[in-house]
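Observations on the model geometry
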Amino acid sequence: MTKASSRAWARITSLLPTRADLAEARRDPRRDLLAGLTVAVVALPLALGFGVSSGLGAEAGLATAVVAGALAAVFGGSNFQVSGPTGAMTVVLVPIVGQYGPRGVLTVGLMAGVMLAALAALRAGRYMQYVPAPVVEGFTLGIACVIGLQQIPNALGVPKPQGDRVLVATWRAIEEFAKNPNWTAVGFAVAVAAVMLAGARWRPTVPFSILAVIAATLVAQAAHLDSAQSIGALPSGLTAPALSFLEPGSLGSLLAPAVAVAALAALESLLSASVADSMTVGQKHNPDRELFGQGLANIAAPLFGGVPATGAIARTAVNVRTGASSRLAALTHAAVLAVIVFAAAPLVSKIPLSALAGVLLATAVRMVEVGSLRAMAKATRSDALILVLTAVATLALDLVYAVIIGLAVAGVLALRAVAKQARFDQVPLERGDHSAEEHTLLAEHIVVYRIDGPLFFAAAHRFLLELTEIADVRVVVLRMSRVSMVDATGALVLKNAAEKLKLRGIVVMTSGLRPGQRQVLDSVGALDLLRLQGLEHATTPEAIRAARDYLETAGVLPAAPAGPVGARGGSQ
């Protein structure tokens, strides 16, 4: 086997389950089984609700929770991650359903799964660490707002308005409710949400969501409330239905939505896995393996009529808090939901839609971490701006654009901050190193500038402006030993500055160039300009001596008397 094939095989095997996973599952199965049962109880109303919100129905949400939850548990990179349908993914799917229908969603999910697997093979998981915290917080806040607004039609008991713009749809739903109020639906939604929010503060470990949904269902059935529209009939089993995907000719138009789904699945899953790490001791997820597990989950889920899935932060947190010790807990959660699909489909079908809307409204409220938002807002103005822009873009545009905008603004502000760190200061020459006459001559004809920090495109033009404004000198020595990095723009600016000063009769010398700086300067021809004229020096004292020799040769300075060469030095 060649080295290339060995590396490829090692990369593939690094994404697959190991014996260590099986050993961990055997360590404390009782705790994992109880944790998985608890998570399943919490996940049931969420799976139903997100399935309904996506536009494919409650059965799609259940299929996703079972199939994607099981595969991601086995092949994922976190021991505690719980995967399934999420509110963030629902936000992306709604416009896809509106434009392409259910077949489009299934096709997009399949394409996104392949993309996630490819990202895992390319080891792209490590780049999650470069997403700034304000982008994540703004993203989460925007998603919470969108999820809450999406539930307004069901909470008000009105048909879902046409259109994929959540603000427009919400306003139309309110107008429809004003014409024909449905206070029964409002009552169920408010009651379920209130029970969940109050119960979470009182007894966080109790699954108040399922208790509230069961109570609302019993009340609706006992009172025969026709105005409380229910989920409807569910399939009494989890079998692969006769699904139809869009024809291959339509895949081009679905590429952008598939990229959006894959990007969101990667972002949310890796974020959720990081949250699980922070809640445990000695645990660290494998980001590439997590992407691979999510890829397989999203390839399989559409084959059973499911929607695209991601790691779910809320369910993962419940899994950790209830004592899970391995991925057996997440697998148990999927198995329990599968049993519910087979055994309790008729009962689940009677749940009022407004009750599920209440569950998701409470979920949206609980997604907002006020403390984290306050901390980000108080940190710096840049952090606050990034957070607000990301949240507004999530609400007004879509999630992928929101993340792109947040990252772009964060990058620009970071570059601005780094550029401000670049300093261009004149180095004072100590009188103790020179006689009064020599100091006066140096001050009149030679000036030494020290450049601190990066010399790159964001700071280079300010450097050029300051350098070319130098007057009343004959030699400029640029001390480069403290330059942290130089890019092509910075090298070109340095070259242009040297040429412009040369036209004014001012010679530019450098000292302390590093190998990395020399390579960049050489690539744009700046190093040749300095080397040919003998203007590049290893140290600042050497550059000052060379400057004095040049001025003496030019007749600007009188010839110095013979003496120790090092007497005219300076600090490097």
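Structure report, in brief. From a predicted model like this one, the values you see are computed outputs, not experimental measurements. (Residues numbered from 1 in each chain as written. Predicted model: local features only at pLDDT ≥ 70, side-chain atom pairs only at ≥ 80, totals over all residues. Heavy atoms only, no water.)

Quick look at the environment of P257 now. Within the element layout of this structure, P257 appears in helix α11 (residues 255-278). Relative accessible area serves as the criterion here: at 17%, P257 is assigned to the buried category. Sequence separation of P257 and M111 is 146 residues, and the distance between their C-alpha atoms is 9.5 Å. Excluding anything up to four places from it in sequence, P257 contacts I96, Y100 and V108. (Helix = DSSP H or I, 4+ residues; strand = E, 2+ residues; numbered from the N terminus. Buried < 20%, exposed > 50% of the residue type's maximum accessible area, 1.4 Å probe, protein only. Contact = heavy atoms within 4.5 Å.)

Burial within strand β5 (residues 475-479) is extensive, with five of its five residues counted as buried. Judged by which residues are buried, β5 turns out to be covered on both faces: V475, V477 and R479 on one side and V476 and L478 on the other are all buried. In terms of strand pairing, strand β4 (residues 446-455) meets β5 through five bridges, oriented parallel. Following the sheet pairing, I446 is matched in β5 by V475. As paired strands, β5 and strand β7 (residues 507-511) are joined by five bridges and run parallel to one another. Within β7, the residue paired with V477 across the bridge is M509. (Pairing = 2+ DSSP bridges.)

Each aromatic ring pair is characterised by the separation of its centres together with the angle its planes make. Enumeration over the complete set of coordinates arrives at one aromatic pair. Considering the side-chain rings of F177 and W183, the 5.1 Å spacing of their centres and the 85 degrees angle between planes classify their relative orientation as edge-to-face. Its relative accessible area of 60% is what places W183 among the exposed residues. (Phe/Tyr/Trp six-rings, centres within 6.5 Å; stacked < 30°, edge-to-face > 60°.)

A positive phi angle is found at R123, which is not glycine, with a value near 60 degrees. By the element assignment, R123 lies in the loop between α5 (87-121) and α6 (133-150).

Under the criterion given, the structure shown has four cavities of 30 Å³ or more. As a volume, the second largest cavity reaches approximately 40 Å³. With four residues, the single largest contributor to the lining of the second largest cavity is helix α16 (residues 353-367). (1 Å grid on protein atoms, 1.4 Å probe; cavity = no way out; pocket = protein on both sides within 12 Å on 5 of 7 lines; lining within 4 Å. Points joined across faces, edges and corners; volume = space filled by probe spheres on them.)

On to the nonpolar core, then. Across soluble globular proteins, nonpolar side chains show a tendency to be buried alongside one another. Residues L48, V261 and L337 are the most contacted members of the largest nonpolar core, which totals 84 residues. When residues no more than four places from it in sequence are discounted, the contact partners of V261 are M89, V92, L93, I96, V108, A112 and P308. By size, the runner-up hydrophobic cluster in this structure holds 25 residues, among which are I451, L455, L513 and V524. (Core = buried A, V, L, I, M, F, W, Y, C linked by side-chain atoms within 4.5 Å.)

What follows deals with the layout of surface pockets. Reported here for the largest pocket is a volume of approximately 1300 Å³. Grouping the constituent residues of the lining of the largest pocket by class yields 27 nonpolar, 10 polar and eight charged. (Nonpolar A, V, L, I, M, F, W, Y, C, P; charged D, E, K, R; others polar.)

To describe two helices that pack against each other, one gives the angle between their axes and the distance between the axes. Closest axis-to-axis distance for the α6/helix α8 (residues 166-179) pair is 9 Å, and the angle between their directions is 30 degrees. With respect to α8, the element α6 is oriented roughly parallel. Remark: the crossing between α6 and α8 carries left-handed chirality. In this structure, α6 uses V146, L149 and Q150 to contact α8, whose residues at the interface are V166, L167 and T170. Of the residues assigned to the contact of α6 with α8, the class counts are four nonpolar, two polar and no charged. (Axes fitted to C-alpha atoms, helices over the stretch in contact; angles between N-to-C directions. Parallel < 35°, antiparallel > 145°, perpendicular 65-115°, else oblique. Left-handed = near helix turned anticlockwise from the far one by under 90°.)

Attention now moves to the pattern of salt bridges. One pass over the full model with this rule turns up four salt bridges. A salt bridge links D21 to R327; the nearest nitrogen and oxygen atoms lie 3.8 Å apart. Highlighted residues: D21 in helix α2 (residues 19-25) and R327 in the loop between α13 (313-321) and α14 (328-343), separated in sequence by 306 residues. Here D21 matches R327 in class, with each residue buried. One connected set of salt bridges, linked through shared partners, spans D21, R289 and R327. (Salt bridge = Lys/Arg side-chain N within 4 Å of Asp/Glu carboxyl O.)

With respect to the helices and strands, the residue Q81 is situated in the loop between α4 (58-75) and β1 (83-84). Within the local environment of Q81, its side chain forms a polar contact with the backbone oxygen of S269, the two atoms lying 2.9 Å apart. A polar atom in the side chain of Q81 sits 3.0 Å from the side chain of T316. When near neighbours in sequence (up to four residues on either side) are disregarded, Q81 contacts S269, S272, A273, E290, Q294, G311, A312, T316 and A330. (Polar contact = N/O pair within 3.5 Å; in protein donor to acceptor, adjacent residues only side chain to side chain.)

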